[in-house]
Amino acid sequence: MNPEWERLLSLIPGPLDWKIDWDLWHGLWLWPYFEQMAKTQQNPCWHGEGDVWSHTRMVCEELVSMNRFRKLPKRQRQEVFLAAVLHDIGKIPCTRWENGCLISPNHTVVGARMAREMLRVTYGLGGTRDQLEFRETVCSLIRYHSVPAHILDQEDPERRIFQIASNGELAADFTMELLCMLEEADVRGRIYQNVEQSVDMVRLCAEFARELSCLDRPFRFPSDYARYAYLAGRKISPGQELYDDTWGKVILMAGLPGTGKDTWIQRNCSGLPVVSLDEIRKELHISPLEPQGEVAQRAREKAKEYLRKKQPFVWNATSLTSSLREKQIRLFHNYGASVHIVYLETAWEEQLARNQNRSDPVPEPAIQKMQKNLVLPELYEAEKVSWLNV
């Protein structure tokens, strides 16, 4: 295990004194981010305490004071505490002035990506399934931490809770209970007038999740097909079984270059045709660094040929963000196919080495940029989603 990672974990408070000694955090690889947080101011209407680092320390102190936190298994304490430390890291790049006010739009989304890159590249979390799930529990907590306090502002609060809770199918430690615990600490760890009203809203969200049977575990849908239909917005009840009228499966690969997608396809998809964006780039003599419009169009036309014939196939591309995946999944669903997203990952250094051993390696700066933008597929995106270490 990375010695710096072990050092970081050793600083997370636990029994018997539950003390956070912030002086010991000096010199960690994380410390430069803390210094940037200290320079990042917040809207005083919501954060009378001032900068992001002051708020973060207050949140961590509130979290550690909770009996619910202290009763968690050690691993979950580590996950939720690290999420508290990093929950507003996205405010560093996202904070700006607008109409005379400080705002931080999309800081939860950006913060989750920043945390993922830091934990994977700097601390090495990703070489095993255990590390992958730990990291993604932290990232999911960061990504959704603000939802419980604003649950009634969601377009469909019930469906939103089911969507978020479903992440526990892929990262077993993640629960709505942990998310609400983090957000209650987030609300209490600040100076503003309506703290108690916000705490009440967080607890309402937790009670709502309890009533929906997804507070401490994902909801058990009757089938993958029914789960996807409900989470995608179909007007059905969560427990309703549906007739699966799809004719077959399209496997949509996802993962950075060098993770072994081609090898996995050869071993697990024997006999299935493959739409490979890498192969199309070679045919068209287009570099990965050049505009990809023609490559994408050619790939979609090939996919349509298989879809018209109701032929299962593999879509082999990096598919690194939900928006990229959604575009392809919509096409496959429009032709009546079901979709299985297969995300592959290996240890960061191993991935870079594999990429260099390819006949056409992707430049390392390009891979680093891809990692910054990487968002793992969530369960609501398709009928089936798998995260695999290879």
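Scroll up to find the structure.
Model, not experiment: these values are computed from the prediction.

## Here's the deal with the sheet that holds strand E5 (residues 313-316)
Here is step 1: If you trace the five strands from one edge of the open sheet to the other, you get E4-E5-E3-E6-E7, paired in parallel fashion. The outermost strands of the open sheet, each flanked by one partner alone, are strand E4 (274-276) and strand E7 (384-389). Across this sheet, the average inter-strand angle for adjacent strands is 20 degrees, counted without regard to direction.
Here is step 2: Summarising the sheet, strand E3 (residues 249-254) and strand E6 (residues 338-345) pair through six bridges and their orientation is parallel. Of the residues in E6, the one forming a bridge with Lys249 is Ser338.
Here is step 3: Along the sheet, helix H14 (residues 277-284) contacts E4 and E5; its crossing angle with E4, the most-contacted strand, is approximately 60 degrees.

## Quick look at the state of the cysteines
Here is step 1: In total, this model carries zero disulfides according to the counting rule given.
Here is step 2: Residue Cys139 stays outside any disulfide, its sulfur separated by 15 Å from that of Cys94, the closest cysteine.

## Here we look at helix H15 (residues 293-308)
Here is step 1: Here H15 spans 22 Å end to end across 16 residues, near enough to the 22 Å set by a 1.5 Å rise per residue.
Here is step 2: Turning to H15, its buried residues are Val295, Ala299, Arg300, Ala303, Lys304 and Leu307.
Here is step 3: The inward-facing, buried residues of H15 contact E3, E4, H14, E5 and helix H16 (322-334).

## Some words on the pattern of salt bridges
Side chains that carry opposite charge are capable of pairing whenever their charged atoms lie near each other.
Here is step 1: Throughout the structure, instances matching the rule amount to 30 salt bridges.
Here is step 2: A salt bridge links Asp278 to Arg281, with the shortest nitrogen-to-oxygen separation between them at 2.7 Å. Of this pair, Asp278 and Arg281 both sit in helix H14, three residues apart, which is roughly one turn of the helix.
Here is step 3: Residue classification places Arg281 among the buried positions, given a relative accessible area of 15%.
Here is step 4: Ionic pairing is found between Glu381 and Arg325, a salt bridge with its closest N-O pair at 2.7 Å.

## Quick word on the side chain of Thr321
Here is step 1: Examined against the element boundaries, Thr321 turns out to sit in the loop between E5 and H16.
Here is step 2: The class for Thr321 is buried, based on a relative accessible area of 18%.
Here is step 3: Setting aside its immediate chain neighbours within four residues, Thr321 contacts Asn373 and Val375.

The rules behind these values
Numbering of residues begins from 1 in every chain and follows the order in which that chain's sequence is written. Totals for whole chains, interfaces and linings use every residue, but because this is a predicted model, local features are given only for residues with pLDDT of at least 70 and side-chain atom pairs only at 80 or more, for both listing and counting. Computation of side-chain values covers all heavy atoms of the structure but excludes hydrogens and water. Each pair of strands is called paired provided DSSP finds at least two bridges between the two strands. Helix and strand definitions here come from DSSP, where helices need a minimum of 4 consecutive H or I residues and strands a minimum of 2 consecutive E residues; each element is numbered from the N-terminal end. Lines fitted to C-alpha atoms define the axes, with helix axes restricted to the stretch in contact, and inter-axis angles between N-to-C directions lie between 0 and 180 degrees. Only heavy atoms enter the contact rule, under which two residues are in contact if any of them lie within 4.5 Å. For the purposes of this analysis, a disulfide is any pair of cysteine sulfur atoms at a distance within 2.5 Å. Helix span, as expected, comes to 1.5 Å for every residue beyond the first. Working definition: with a 1.4 Å probe on protein chains only, accessible area under 20% of the residue-type maximum means buried, over 50% means exposed, and in between means partly exposed. The salt bridge definition used is simple: a Lys or Arg side-chain nitrogen within 4 Å of an Asp or Glu carboxyl oxygen.

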